[in-house]
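As a plain string of letters, each chain reads:
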Amino acid sequence: MRTLENVLDYDYEGLRRKLEREKLEPYRATQIFDWIYKKKVSSFSVMTNLSKKLREKLSQRLEVKFPVLVTTARSKDGTVKFLWKYDDGSTVESVLLRYSDRTSACISSQVGCALGCEFCATGKSGFARNLTSGEMLAQILGMEKTENERIGNVVFMGMGEPMLNYDEVMRAIHVIADSKALKISQRRISISTSGIVDGIKRLSNEPLDIILSISLHAPNDEKRSKIMPINQKYPLSMLLDAVREYQAIKNRRVTFEYILFDEFNDSMTDALELVELLKDIKCNVNLIAYNETGSKFKRTPADKASRFEEFLRSHGIEAVIRAEKGSDIDAACGQLRRRMP
Ligand code: SAH
Ligand code: SF4
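Rules and cut-offs
Residue numbers restart at each chain and count upward from 1, following the sequence in its written direction. Written order determines the labels here, with chains lettered from A and ligands numbered from 1. In keeping with the predicted nature of the model, local features appear solely for residues at pLDDT of at least 70, side-chain atom pairs appear and are counted solely at 80 or more, and the whole-chain, interface and lining totals rest on all residues. Side-chain measures here rest on the full set of heavy atoms in the structure, leaving out hydrogens and waters. DSSP-based pairing: two strands are paired if at least 2 bridges between them are found. Counting from the N terminus, the helices are DSSP H or I runs at least four residues long and the strands are E runs at least two residues long. Every axis in this analysis is a line fitted to C-alpha atoms, fitted for helices over the stretch in contact. Angles between the N-to-C directions lie between 0 and 180 degrees. Contact criterion: two residues are considered in contact whenever any of their non-hydrogen atoms come within 4.5 Å of each other. Buried means the residue's accessible area, taken with a 1.4 Å probe over protein chains only, is under 20% of the maximum for its type, while exposed means over 50%, and partly exposed covers the values in between. Note that the arc is defined by the directions from the helix axis to the C-beta atoms. Crossover handedness is defined here as right-handed if the route from the first strand over the helix to the second strand goes clockwise, with the strands pointing away from the viewer. For Phe, Tyr and Trp, where Trp contributes only its six-membered ring, two rings pair if their centres lie within 6.5 Å, and the inter-plane angle classes them as stacked under 30 degrees, edge-to-face over 60, or tilted in between. Charges are assigned to positions over rings by a cutoff of 6 Å between ring centre and Lys NZ or Arg CZ, combined with an angular limit of 35 degrees from the ring normal. Near is defined per residue: the residue qualifies when any heavy atom it owns lies within 4 Å of the molecule or strand. Here a polar contact is recorded for every N or O atom pair within 3.5 Å, except that within protein the pair must consist of a potential hydrogen donor and a potential acceptor, and residues adjacent in sequence are included only if both atoms are side-chain atoms. Accessible surface area values rest on a Shrake-Rupley calculation with a 1.4 Å probe, where residue burial reflects the displayed protein chains alone. Throughout, the term roughly parallel applies to angles under 35 degrees, roughly antiparallel to angles over 145, roughly perpendicular to angles from 65 to 115, and oblique to all others. Three classes are used, and their members are as follows: Ala, Val, Leu, Ile, Met, Phe, Trp, Tyr, Cys and Pro are nonpolar, Asp, Glu, Lys and Arg are charged, and the others, Gly among them, are polar. Where each domain starts and ends follows an automatic or database-derived domain assignment. The term buried area denotes the loss of accessible surface (1.4 Å probe radius) that occurs when two parts are joined, taken as the sum for both partners. The working definition used for a salt bridge is a side-chain nitrogen of Lys or Arg within 4 Å of a carboxyl oxygen of Asp or Glu.

Visitor: Any details on the sheet that holds strand E10 (residues 189-193)? Residues and values, ideally.
Guide: Pairing within the open sheet is mixed, and its 10 strands lie in the order E3-E4-E5-E6-E9-E10-E11-E12-E13-E14. The open sheet has two edge strands with one neighbour each: strand E3 (68-74) and strand E14 (318-321). Taking each pair of neighbouring strands and ignoring which way they run, the sheet shows an average axis angle of 20°. Where E10 meets strand E11 (residues 211-215), four bridges bridge the pair, whose relative direction is parallel. Paired with Ser190 across the bridge in E11 is Ile211. The strands touched by helix H10 (residues 236-250) are E11 and strand E12 (254-260); relative to E12, the strand with the most contacts, the crossing angle is about 145°.

Here's what the structure looks like:
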């Protein structure tokens, strides 16, 4: 049997063109999108405002492909972690995070990650393949369906490096933001990158207004290279130049993620170096409590983290300790997957 194409891999224009090529009433793309993204339907047979004949023809050519839900882990604080399995046996994780005013989805962009950051469970499990845009969108739809809840924010902070799967991530973002599809405003979509400079430069020239988040995690090259091998290819001077350029074009604040590792990057000297490093960049710094994954790194004690935060704030940097979510379910990405047989 030939495998059918996944409708989720098409953005709206792409689906129109596909229907046109197949001589299948291209204007029906609007209704198909409505069924999938608004009504969460995954079979053409129930799309009752399309003719029976059209539904049959669509089913012969396309399908709405969802991964299998292997397992979930539920935290006391409302966080839910999902492990999905695609047709080829690949597994990825997504996390649903509940805040008082919104529900956020953290999704994966690759199966594994090639960048091998020392502290990261995903990085330690190696790289298998890129996800398609449809495979990323299915994570969001799958979570909305399972939880019967609307997701208001999407962050590409799950497994993988989104900038190394650039085109598929961009297509996914277009569908997430499309008012005919998930209709999540661009300012509620974030990409997190370990610092792929070419990707940041490309993103600067996209007609998009999403949030760019940079995983910094160290205040100088020496320390950063020890924990993030990508820093050898794109050292801090290059990375921060690209961020400044991005900022000049977009005129938007960027976010820096900084995991606090005990006795590694959490001293007052580190804080001072960080202030110097970021002094001419309009930014928010998210200080993150490390989810210990069996690496040699340990979490910074809470009182020390507060002092680090205070130091940055007193030097004019908008720093916050990011509220911890799902610590009772190993919410750090890659952990649930590694526990499975
Ligand atoms: N590859 C991208 C996006 C995925 S990782 C990146 O590195 O930015 C998303 C965020 O989670 C990154 O800031 C990453 O450094 C952080 N992270 C990875 N493992 C973690 C852990 N065990 N505890 C806390 N944060 C972690
Ligand atoms: Fe990859 Fe990001 Fe993990 Fe580094 S932190 S290994 S870039 S997923």
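That shown, we press on.
Visitor: Can you lay out helix H7 (residues 197-204) for me, pointing to particular residues and giving the numbers?
Guide: When H7 is considered as a whole, its buried residues turn out to be Val197, Gly199, Ile200, Leu203 and Ser204. One side of H7 holds all its buried residues, which, seen down the axis, span an arc of 160°. Where H7 is buried, its residues touch helix H6 (166-177), E10, E11 and H10.

Visitor: So what's going on with the pairing of strand E13 (residues 283-289)? Residues and values would help.
Guide: The element E13 is largely enclosed, with a buried count of five among its seven residues. Sheet topology note: the E13/E14 ladder contains four bridges and is parallel. Along E14, the bridge assignment pairs Asn284 with Glu318. Viewed along the sheet, the connection from E13 through helix H12 (residues 302-314) into E14 turns out right-handed.

Visitor: Give me the packing of aromatic side chains: which residues, what numbers.
Guide: Using the criterion set out here, one finds nine aromatic pairs in the structure. Look at Tyr12 and Phe33: their rings are 5.7 Å apart centre to centre, the planes differ by 75°, and that puts the pair in the edge-to-face class. Of this pair, Tyr12 sits in helix H1 (residues 12-21) while Phe33 sits in helix H2 (residues 29-38), and the two are 21 residues apart along the sequence. The class for Tyr12 is buried, based on a relative accessible area of 11%. Ring geometry for Phe264 and Phe297: centres 5.3 Å apart, planes at 70°, overall edge-to-face. Placement of the pair is Phe264 in the loop between E12 and helix H11 (268-277) and Phe297 in the loop between E13 and H12, with a sequence separation of 33 residues. For Phe297, a relative accessible area of 7% puts it in the buried group. Three or more aromatic residues link up through ring pairs in this structure, and these residues are Phe119, Phe261, Phe264, Tyr290 and Phe297. Note that Lys39 overlies the ring of Trp35, its terminal NZ or CZ placed 4.3 Å from the centroid.

Visitor: Can you lay out the site of ligand 1 for me, pointing to particular residues and giving the numbers?
Guide: Around ligand 1 sit 20 residues, and of these Gly160, Ser192, Ser215, His217 and Asn291 come closest. One nitrogen or oxygen atom from the main chain of Gly160 is found 2.9 Å from a nitrogen atom belonging to ligand 1. The separation between a nitrogen atom of ligand 1 and a polar side-chain atom of Glu161 is 3.3 Å. In isolation ligand 1 exposes 540 Å². Once the protein is present, 90% of that is buried.

Visitor: Break down the pairing of E11 for me, citing the residues and quoting the values.
Guide: Most of E11 is tucked away: four of the five residues are buried. Viewed along the sheet, the connection from E10 through H7 into E11 turns out right-handed. With three bridges joining them, E11 and E12 adopt parallel strand pairing. Paired with Ser215 across the two strands is Glu257, which belongs to E12.

Visitor: Would you mind going over the packing of H7 against H10 in detail, with residue names and values included?
Guide: One way to put it is that H7 packs onto H10 with a least axis distance of 9 Å and a crossing angle of 5°. Here H7 is positioned roughly parallel relative to H10, judged by the angle of their axes. Contact residues: H7 offers Val197, Ile200, Lys201, Leu203 and Ser204, while H10 offers Met238, Leu239, Ala242, Glu245, Tyr246, Ile249 and Lys250. Of the residues contributing to the contact of H7 with H10, the split by class is eight nonpolar, one polar and three charged.

Visitor: Summarise the domain arrangement of the chain; cite the residues concerned and give the values.
Guide: Quite often, the size of an interface is put as the accessible area lost when its parts meet. Each domain of the chain was delimited in the assignment, giving domain 1 (5-63) and domain 2 (68-329). If you average the C-alpha positions of domain 1 and of domain 2, the two centres end up 33 Å apart. Carbon and sulfur atoms supply 62% of the area that domain 1 and domain 2 bury against each other, a total of about 1,200 Å² over both sides. It is Asp9, Tyr37 and Lys40 that lose the most area in domain 1 upon contact with domain 2, and together they represent 45% of the buried surface on that side. Linking domain 1 with domain 2 are one salt bridge, by the criterion used here. Here Glu144 and Lys40 are joined by a salt bridge, their closest N and O atoms 2.4 Å apart. Counting the contacts that link domain 1 with domain 2 gives five residue pairs in polar contact (both at pLDDT 80 or more).

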